[in-house]
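Listed below, chain by chain, are the residues.
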Amino acid sequence: MAAYSYALQVNKCSLQRPSLPHKIEHFSNPLSTSFKPLLRDLDQFPNISVDVTKAIKETSCKLLDAFVDFIFEFADQPLLPSQRNFAPVEEIGESTLSVTRVEGTIPDDFPEGVYIRNGPNPLFGGLKSTRSIFGESDHMWVEGEGMLHALYLKKNGRIRGSWNILYKNKHVQTDTYKMEKDRKKPGFLPAIEGDSPAVLLAYLLNVLRFGVIDKYLSNTNVFEHAKKYYSIAENHMPQEIDIHSLETLENWNVISGSWTRPFTSHPKKAPGTGELVVIGIDAQKPYFELGVISADGKKMVHKADLMFDRCTVCHEIGVTQRYNVIMNFPLTIDISRLVLGGSLMRFEENGYARIGIMPRYGDANSIKWFEVEPCCVFHIINCFEDNDEVVVRACRARQSVIPGPNSRVNHFEKWLKGRSSKDERIEFTKESTFPRVCEWRLNMKTGEVREKKNLSGDEFAMEFPLINEKFTGFRNKFAYLQVVESTEISGSGFTRFGGVAKLHFEEKRIPTEEEDELIKAEYHMLPQNTFCSGASFVPKPGGVDEDDGSIITFTHNENENISQVYIVDAKKFTNEPVAIITLPSRVPYGFHGAFMPLES
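Residues numbered from 1 in each chain as written. Predicted model: local features only at pLDDT ≥ 70, side-chain atom pairs only at ≥ 80, totals over all residues. Heavy atoms only, no water.

As annotated in an unreviewed UniProt entry, the protein is Carotenoid 9,10(9',10')-cleavage dioxygenase 1-like isoform X1 from Nicotiana sylvestris. Per UniProt, the comment on the protein under Sequence similarities (unreviewed entry) is "Belongs to the carotenoid oxygenase family." (UniProt positions renumbered as here; feature names shortened; annotations may be inferred.)

This is the structure:
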């Protein structure tokens, strides 16, 4: 704890933490409240409570910066040759770029709108590591400031079958993005992955210098609610985005502060009402809260503390017509574990796992819990009610490759053969760490759980599911998932996707002794060394069938270093793309995308 003492002495002459805009102080990330007791301790230092001049305050901040510059060395994390399209790109500027190269034909019944995808695009060259006498800390592969990539498609009314297509990218300008951009060099110390003393000191120094323990990334997803558009990641509130210019407008202050924590990157609209169901986790109690926001976005209709006894990483919530579906699985965040020298996040193989079914406006006492086998789930495909059962379909892995003190990108092979807390060997394999499509059928009357751990077979691992969103919360026939590159397993976390699968839940494959329960799957595989990200389903206007529409996705050809957008007919899924749009700028691999039909 000598590091803490030294850092406090450096800032002893200042009044308090650096003054910050109210909006930064208001929105905490899942870890920030855990450090409130530490921040309260600062007030016990007599000199801190003395009113001092602005000049002295500025001097103390400069001393802290000098301390960081002297003790910590920033270095770029190296990328393997297969990871070069994860490297960031520059913003193209304020104007949009015209797109003129289109192979094939965009269908006449394709809706006008914007296809937009979020993803990490680190400032200053890439993800960083820091080295110091306290050890190393690294950015995780999911970190990096958010950048939006948008393709605008509008019909040319003068020429039948002709489209005006424009492309634009832009960073999401969160409060912390602006702070670091103004510095013109890295400032925030990596604070999630690495050696425990270095991570803990990073928390403290980030708070003392910037007022928050880590950057607001806003790099995971985009969504619409009440005709407003938002960028989001789970460590902060969403940022409202001007969908036409990609300008960041402001943080979404939900109902004048009635919701004061982040929420999931995958909020869900409740079937029938259009209300937005959100969840937010924190590293100290209350660990898990659920909220329901009105369809017009102006009122918090309902909020409940679900009374969790641990902070569990929950990336997504499910909804049905009457229920909220809660995933309480053993991937946890624990500050005390970090203090004792362990990892901040860990998958607890022997921990419990359960799925909760909660009435839409229920509380902790109204949840019916179903115990399931421990596993790791980040993404839910869909949930729906089927007589007495609630059906939950998701992407399930037997375990999770979680960052820890030894997980460095430049020696990932060592990480793959890491050790558990009991010093037992853990073998990370495709079969255990890459997800398969699973189904739980939860009987609300009897409490029975029927589980199918693998609906789609072992031919491919799949992730990043999407459906026709009109069927969210209702029984659906189809789902689409990105297919993990078959030859790749890497402890770095940089996974590439070589195609898209279409699953037919109500059709079985030709049964064999081994595959009598497998459902039908079709595949649209990309050319060799071409990979996709941000796939989205675009419904056909006036479509009748669930799969009336298209799959649209950003792709990158690594042989030619060319980024494109593929449009695939969802009904003729295995056919060649109906259109391939070549982009004027490289688009790095990213996370989730969406197609937003726009009113003229």
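Still to come is the rest of the account.
Moving on to the sheet that holds strand E11 (residues 228-232). Each strand in a sheet pairs with its neighbour through backbone hydrogen bonds, running either in the same direction (parallel) or in the opposite one (antiparallel). Taken together, the four strands give an open sheet; going across it, the order is E10-E11-E12-E13, and neighbouring strands pair in antiparallel fashion. Of all strands in the sheet, those with a lone pairing partner are strand E10 (221-225) and strand E13 (248-251), marking the two edges. Each adjacent strand pair in this sheet contributes to an overall mean axis angle of 35°, direction not counted. As paired elements, E11 and strand E12 (residues 239-241) share three bridges and run antiparallel to each other. Residue pairing for E12: Ser 231 is matched across the bridge by Gln 239. (Pairing = 2+ DSSP bridges. Helix = DSSP H or I, 4+ residues; strand = E, 2+ residues; numbered from the N terminus. Axes fitted to C-alpha atoms, helices over the stretch in contact; angles between N-to-C directions.)

Enumeration over the complete set of coordinates arrives at 19 aromatic pairs. Both rings, one in Phe 223 and one in Trp 252, keep their centres 6.3 Å apart while their planes meet at 45°; by these two values the pair is tilted. Taken together, the residues Phe 223 in strand E10 and Trp 252 in the loop between E13 and strand E14 (268-269) connect sequence positions 29 residues apart. The pair Phe 223 / Trp 252 is uniform in exposure class, with both members buried. Grouping aromatic residues by their ring pairs yields a cluster made of Phe 223, Tyr 230, Trp 252 and Phe 263. The ring of Tyr 352 carries the charged tip of Arg 310 above its face, separated from the ring centre by 3.7 Å. The ring of Trp 369 has Arg 354 lying over it, and the distance from NZ or CZ to the ring centre is 3.8 Å. (Phe/Tyr/Trp six-rings, centres within 6.5 Å; stacked < 30°, edge-to-face > 60°. Buried < 20%, exposed > 50% of the residue type's maximum accessible area, 1.4 Å probe, protein only. Lys NZ or Arg CZ within 6 Å of the ring centre and 35° of its normal.)

Attention now goes to helix H5 (residues 175-183). Within H5, burial applies to Asp 175, Thr 176, Tyr 177, Met 179 and Glu 180. At the C-terminal side of H5, Lys 184 shows a positive phi close to 65°.

A few words now on helix H6 (residues 196-210). In a regular helix each residue adds 1.5 Å, so 15 residues correspond to 21 Å; H6 covers 21 Å between its end C-alpha atoms and thus fits that length. Remark: Gly 211 follows H6 within two positions and exhibits a positive phi of approximately 90°. (Expected span 1.5 Å × (residues − 1).)

Under the defined criterion, the tally for this structure stands at zero disulfides. Distance from the sulfur of Cys 375, which forms no disulfide, to the nearest cysteine sulfur (Cys 438) is 6.5 Å. Looking at Cys 438, the relative accessible area reads 0%, which means it is buried. (Disulfide = S-S within 2.5 Å.)

Among the nonpolar cores identified, the biggest contains 66 residues, and Tyr 203, Leu 290, Leu 306, Met 327, Phe 329, Ile 355 and Trp 440 are the most heavily contacted of them. No other element matches the nine residues that H6 contributes to this core. Those residues within four positions of Met 327 in sequence are excluded, and the remaining contacts are Cys 314, Glu 316, Arg 354, Ile 355, Val 377, Ile 380, Val 392 and Trp 440. Listed in part, the 20 residues of the second largest apolar core include Tyr 480, Val 484, Ala 535 and Ile 551. (Core = buried A, V, L, I, M, F, W, Y, C linked by side-chain atoms within 4.5 Å. Contact = heavy atoms within 4.5 Å.)

Time to look at the pairing of strand E28 (residues 449-452). Note: strand E27 (residues 436-443) against E28, four bridges, orientation antiparallel. Paired with Leu 442 across the bridge in E28 is Val 449. Between the antiparallel neighbours E27 and E28 lie five residues, among them Gly 447 with a positive phi of about 80°.

As recorded in UniProt, the sites labelled "binding site: Fe cation" (unreviewed entry) are His 266, His 315, His 379 and His 592. Across 327 residues of sequence, these annotated residues stay compact in space, with a maximum C-alpha separation of 12.6 Å. Examined against the element boundaries, His 266 turns out to sit in the loop between E13 and E14. When sequence neighbours within four positions are dropped, the list of residues in contact with His 266 reads Asn 221, His 315, Glu 316, Ile 317, His 379 and His 592. Relative to the helices and strands, His 592 resides in the loop between strand E36 (579-582) and strand E37 (593-597).

As a further point, take the sheet that holds strand E32 (residues 519-525). Pairing within the open sheet is antiparallel, and its four strands lie in the order E29-E30-E31-E32. Looking along the sheet, the strands with just one partner apiece sit at the ends: strand E29 (462-466) and E32. With strand direction ignored, the average angle separating the axes of adjacent strands in the sheet is 30°. With three bridges joining them, E29 and strand E30 (residues 478-484) adopt antiparallel strand pairing. Counterpart to Glu 463 in the pairing with E30 is Gln 482.

Moving on to the pattern of salt bridges. All chains considered together, the criterion is met by 35 salt bridges. A salt bridge links Glu 224 to Lys 269; the shortest N-O distance between them is 2.8 Å. Highlighted residues: Glu 224 in strand E10 and Lys 269 in strand E14, separated in sequence by 45 residues. Residue Glu 224 is classed as partly exposed on the basis of its relative accessible area of 25%. Relative accessible area serves as the criterion here: at 35%, Lys 269 is assigned to the partly exposed category. Salt-bridge contacts for Glu 373 lead to Arg 396; the nearest nitrogen and oxygen are separated by 3.4 Å. (Salt bridge = Lys/Arg side-chain N within 4 Å of Asp/Glu carboxyl O.)

The next point concerns the confidence of the model for the protein. Overall, the predicted model of the protein reaches an average pLDDT of 84, with 82% of residues at or above 70. Note that residues 1-27 has pLDDT below 50 and, in this model, 68 contacts with residues that lie over four places away or in other chains. Long-range and interchain partners of residues 404-428, a stretch whose pLDDT sits below 50, account for 58 contacts in this model, where long-range means more than four residues apart. (pLDDT = per-residue confidence, 0-100.)

Mapped onto the elements, Asn 382 comes out in strand E25 (residues 376-386). Within the local environment of Asn 382, its side chain forms a polar contact with the backbone oxygen of Phe 474, the two atoms lying 2.9 Å apart. Leave out the neighbours within four places in its chain, and Asn 382 touches Val 391, Val 392, Arg 393, Ile 467, Phe 471, Thr 472, Gly 473, Phe 474 and Asn 476. (Polar contact = N/O pair within 3.5 Å; in protein donor to acceptor, adjacent residues only side chain to side chain.)

Judged from the five bridges that link them, strand E16 (residues 288-293) and strand E17 (residues 300-305) form a sheet pairing that is antiparallel. Looking across to E17, one finds that Leu 290 is bridged to Ala 304. With antiparallel pairing between neighbouring strands as the criterion, E16 and E17 make up a hairpin whose turn holds six residues, including Gly 297 at a positive phi of roughly 75°.

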